[in-house]
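Results of the structural survey
Now for the letters of each chain:
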Amino acid sequence: MTETSPTADDPLAKLDLGVPHSARLWNYLLGGKDNFAADREAAAQVLEYMPELVQSARFNREFLGRAVRHLAGPAHIRQFLDIGTGLPTADNTHEVAQATAADSRIVYVDNDPMVLTHARALLTSTRAGATDYIDADVRDPDRILTEARRTLDFDQPVAIMLLGILNFVVDDDQAHGIVRLLLDAVPPGSYLVISHPTREVNAEAVDRAVEMWNAGGSAPMTVRSPQDIARFFDGVDLIEPGLVTCSQWRPDGNDTTPASEYCAVGRKNG
């Protein structure tokens, strides 16, 4: 994108263009244009250690599509709370959900000013459904839930989507507290969808990439073991195939090469 200086009343005025941001780095890896030189430079450094990161980004996005299609289809979910949505690309949550069930309602949550400037792309909707955008941090679940009630009915099942965001809540107790609070707010029949980086596939490369990112990125991150990721689903029933690398969650004929992102979908029962 053109790197012009933002005006004072522009959301981009809050950006430090010299500091890479995860949403923009991910956008670059997915082939998007909403990123700056610092994001591209950080991506180039990470890719020196982890050339498969581009593939992991694609696998994570494909997992989102398969999970949402399942939830809006056979699982009959009509409400989605997508926290840490990132920059709009192809096959956003509302596009996938409403292509399956036109009356789906989606609330996006992110705290990146650049995502806010693109919120218009996330707020398109079928006439039967609805979309909304909340400018908030994952660490403020009370605010997220309060504002999400403008669009979502919390007496009906909701799919809580936390893809590639809990790794930026580095404190384990805080991360688990956030997930628990969100789950406590939704009724039985709701779903929890998580993807999270792990060391299982390429430990040395992941460790070096995380060290590099934490030395210069906009927010520190962590990786967790599959066992630690599974703890987020305590009290939630995982649906098949359970907790697996993103490429292997109901792959539907797609590439199943193991990736450094694990994922799962679970259903909250009574």
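Structure's up top.
The text that follows walks through the structure, step by step, so that each part is easy to find. Every value quoted in this text rests on a predicted model; they were computed, and no experiment measured them. (Residues numbered from 1 in each chain as written. Predicted model: local features only at pLDDT ≥ 70, side-chain atom pairs only at ≥ 80, totals over all residues. Heavy atoms only, no water.)

**A look at the packing of aromatic side chains**
Tallying each qualifying case throughout the model produces one aromatic pair. Centroid distance phenylalanine 63 to tryptophan 249: 5.4 Å. Interplanar angle 80 degrees. Geometry classified as edge-to-face. With phenylalanine 63 in helix H3 (residues 53–72) and tryptophan 249 in the loop between strand E7 (244–245) and strand E8 (261–268), the pair connects residues that are 186 residues apart, well separated along the chain. For tryptophan 249, a relative accessible area of 1% gives the class buried. (Phe/Tyr/Trp six-rings, centres within 6.5 Å; stacked < 30°, edge-to-face > 60°. Helix = DSSP H or I, 4+ residues; strand = E, 2+ residues; numbered from the N terminus. Buried < 20%, exposed > 50% of the residue type's maximum accessible area, 1.4 Å probe, protein only.)

**Quick notes on the packing of helix H7 (residues 141–148) against helix H8 (residues 172–184)**
It is the contact of H7 with H8, at a shortest axis distance of 10 Å, that shows an interaxial angle of 25 degrees. The angle between the axes of H7 and H8 places the two elements in the roughly parallel class. The element H7 and its partner H8 pack so that their crossing is right-handed. Residue-level contacts link Pro141, Asp142 and Leu145 of H7 to Ile178, Leu181 and Leu182 of H8. The residue inventory of the contact of H7 with H8, partitioned by class, reads five nonpolar, no polar and one charged. (Axes fitted to C-alpha atoms, helices over the stretch in contact; angles between N-to-C directions. Parallel < 35°, antiparallel > 145°, perpendicular 65-115°, else oblique. Left-handed = near helix turned anticlockwise from the far one by under 90°. Contact = heavy atoms within 4.5 Å. Nonpolar A, V, L, I, M, F, W, Y, C, P; charged D, E, K, R; others polar.)

**Quick notes on H8**
Counted at 1.5 Å a residue, the expected span for H8 with its 13 residues is 18 Å, and the 18 Å between its end C-alpha atoms agrees. Looking only at H8, the buried set comprises Ala175, His176, Ile178, Val179, Leu182 and Leu183. End-on, the buried residues of H8 take up no more than an arc of 155 degrees, which puts them together on one face. In this structure, H8 carries Asp173 and Asp184 as exposed residues pointing more than 90 degrees from its buried face. Residue aspartate 171 occupies the N-cap position of H8, its side-chain oxygen lying 3.2 Å from the main-chain nitrogen of aspartate 173. (Expected span 1.5 Å × (residues − 1). Arc of directions from axis to C-beta. Polar contact = N/O pair within 3.5 Å; in protein donor to acceptor, adjacent residues only side chain to side chain.)

**Describing the pattern of salt bridges**
When charged atoms on two side chains of opposite charge get close, those side chains can pair. One pass over the structure, following the stated rule, counts eight salt bridges. The shortest N-O distance in the salt bridge between glutamate 147 and arginine 143 comes to 2.8 Å. Within this pair, glutamate 147 and its partner arginine 143 are both found in helix H7, separated by four residues, close to a single helical turn. A relative accessible area of 36% places arginine 143 in the partly exposed class. Between arginine 199 and aspartate 207 there is a salt bridge; the shortest N-O distance is 2.8 Å. Within the structure, one salt-bridge network assembled from shared partners comprises Asp132, Arg143, Glu147 and Arg150. (Salt bridge = Lys/Arg side-chain N within 4 Å of Asp/Glu carboxyl O.)

**Some details on the environment of histidine 94**
Here histidine 94 lies in helix H4 (residues 93–100). The buried category is assigned to histidine 94, whose relative accessible area is 2%. C-alpha of histidine 94 to C-alpha of threonine 124: the two residues are 30 residues apart in sequence and 8.3 Å apart in space. In this structure the side chain of histidine 94 is engaged in a polar contact, spanning 2.6 Å, whose partner is the side chain of tyrosine 108.

**Re the environment of aspartate 172**
Here aspartate 172 lies in helix H8. In this structure, the C-alpha to C-alpha distance between aspartate 172 and aspartate 228, residues 56 residues apart in sequence, is 8.9 Å. A distance of 2.9 Å separates polar atoms of two side chains, one belonging to aspartate 172 and the other to arginine 224.

Everything listed is a geometric property; what it means functionally is a separate question.
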